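# A structural walkthrough
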Amino acid sequence: MLHDTIRVDAPLRQVYDQWTQFEEFPRFMHGVVAVEQTDERHLRWRTGIAGIRREFDTEIVDQLPDERIAWRTVGGGARRRGVVTFTPVDATHTRVRLAMEGRPKGMTERAAVALGIVSSRVSGDLRRFKDFVEDRHAATGAWRGRVRPADADRPPAPAPGPVPPPSPDRSALPDPSASTDPSASTRPPPPPDFPPGRRPMPPH
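In short, a report on the structure. (Residues numbered from 1 in each chain as written. Predicted model: local features only at pLDDT ≥ 70, side-chain atom pairs only at ≥ 80, totals over all residues. Heavy atoms only, no water.)

In this section: the packing of aromatic side chains. Both the distance between ring centres and the angle between the ring planes are used here to describe each pair of aromatic rings. One pass over the structure, following the stated rule, counts 11 aromatic pairs. Ring geometry for W19 and F129: centres 4.8 Å apart, planes at 75°, overall edge-to-face. With a gap of 110 residues between them, W19 in helix α1 (residues 12-19) and F129 in helix α3 (residues 117-134) connect regions that are remote in the sequence. Assigned by exposure class, W19 and F129 land together as buried. Judged by centre distance (5.5 Å) and plane angle (65°), the rings of F25 and F28 are edge-to-face. Taken as a pair, F25 and F28 share a single burial class, namely buried. (Phe/Tyr/Trp six-rings, centres within 6.5 Å; stacked < 30°, edge-to-face > 60°. Helix = DSSP H or I, 4+ residues; strand = E, 2+ residues; numbered from the N terminus. Buried < 20%, exposed > 50% of the residue type's maximum accessible area, 1.4 Å probe, protein only.)

So, in C-alpha cells, the structure goes:
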C-alpha cells in the first residue's frame, strides 16, 4: 500500500473540483501522457515511464463530492486500485490523502516499487497538484456527480461535458406570429368559436 498526505492552501470545494478534471492530470502527474474520460465512470490512460509506454483503463467505483474518489483498473494485466480523500482543515485549507495498492507488472515495475521510486512519485504528484491548485483562484472545471459502487451494474452515462449556456427567456421575445398591422388593435375581437352542437340559439 502506497499513501501520502498533503495540505493544500485552498478551500475544499476548489481542491475537489480540480481533482475531478482528470484530463488535466498530465500537467502535474509524472509519467502520465494523457487521460481521456470516456464516460462518467471510465478513464483511458496513456503513460510513459522509463521508456515504457502503456495504455490502460480505470473505473470510478465510488465518487462522493467533496469527500472521496475511489477507482480500480479494468482489463489488462495490471491490477491496481486507489482512493483520494478530501478533508477540510478550515475554510481555506484542505487535506488531500492519496492511497494506492496493486500488483506491479513486469520486472521494471517491481524494481521501481522495491527502490521506492513509485512512492516518491506519488509524493511528487501530490506536491505538484498542490502547486497547480494554489497557482489558481478557481478550479479549471468541475464535475460534482455521485457515483456509487452499485452503479457498476448499470450502463454508464456519457462523459461530463461543458455546461451549456442558459436558454434565452422566451417570454421576453416578440411573438413572430403576432400581427404587425397597427390597425389590428382597433379591430373588434372575432366572435367566440363554439364547438359543434354548442352554438348559441338565435333570438326570438
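Once you've had a look at it, read on.
When you line up the elements, D125 lands in helix α3. Among the residues examined, D125 registers a relative accessible area of 11% and is labelled buried. Ignoring any residue separated from it by four or fewer positions in sequence, one finds D125 in contact with F28, M29 and H30. (Contact = heavy atoms within 4.5 Å.)

Next up on the list: the nonpolar core. Inside soluble globular proteins, nonpolar side chains tend to come together where they are buried. Residues W19, F86 and V96 are the most contacted members of the largest nonpolar core, which totals 29 residues. Mapped onto this core, the elements with two or more residues apiece are β1 (2-8), α1, β2 (32-37), β3 (42-49), β5 (68-74), β6 (79-90), β7 (93-103) and α3. With five residues, α3 is the largest single contributor of residues to this core. If we ignore the near neighbours within four places in the chain, the residues touching F86 are L12, V15, Y16, W19, D66, E67, R68, I69, T94, R95 and V96. (Core = buried A, V, L, I, M, F, W, Y, C linked by side-chain atoms within 4.5 Å.)

Another aspect to go through is the pairing of β2. Across five bridges, β2 lies against β3 in antiparallel orientation. Bridge assignment links A34 to a residue of β3, and that residue is R46. What sits between β2 and β3 in their antiparallel hairpin is a turn of four residues. (Pairing = 2+ DSSP bridges.)

Let us now look at the pattern of salt bridges. Here the structure, examined in full by the defined rule, presents 14 salt bridges. We note a salt bridge from D9 to K130, for which the minimum N-O separation is 3.9 Å. In this pair, D9 is assigned in the loop between β1 and α1 and K130 in helix α3, connecting sequence segments 121 residues apart. Taking the shortest distance from any N to any O, the salt bridge between D17 and R13 comes out at 3.6 Å. Of this pair, D17 and R13 both sit in helix α1, four residues apart, which is roughly one turn of the helix. Its relative accessible area of 49% is what places R13 among the partly exposed residues. (Salt bridge = Lys/Arg side-chain N within 4 Å of Asp/Glu carboxyl O.)

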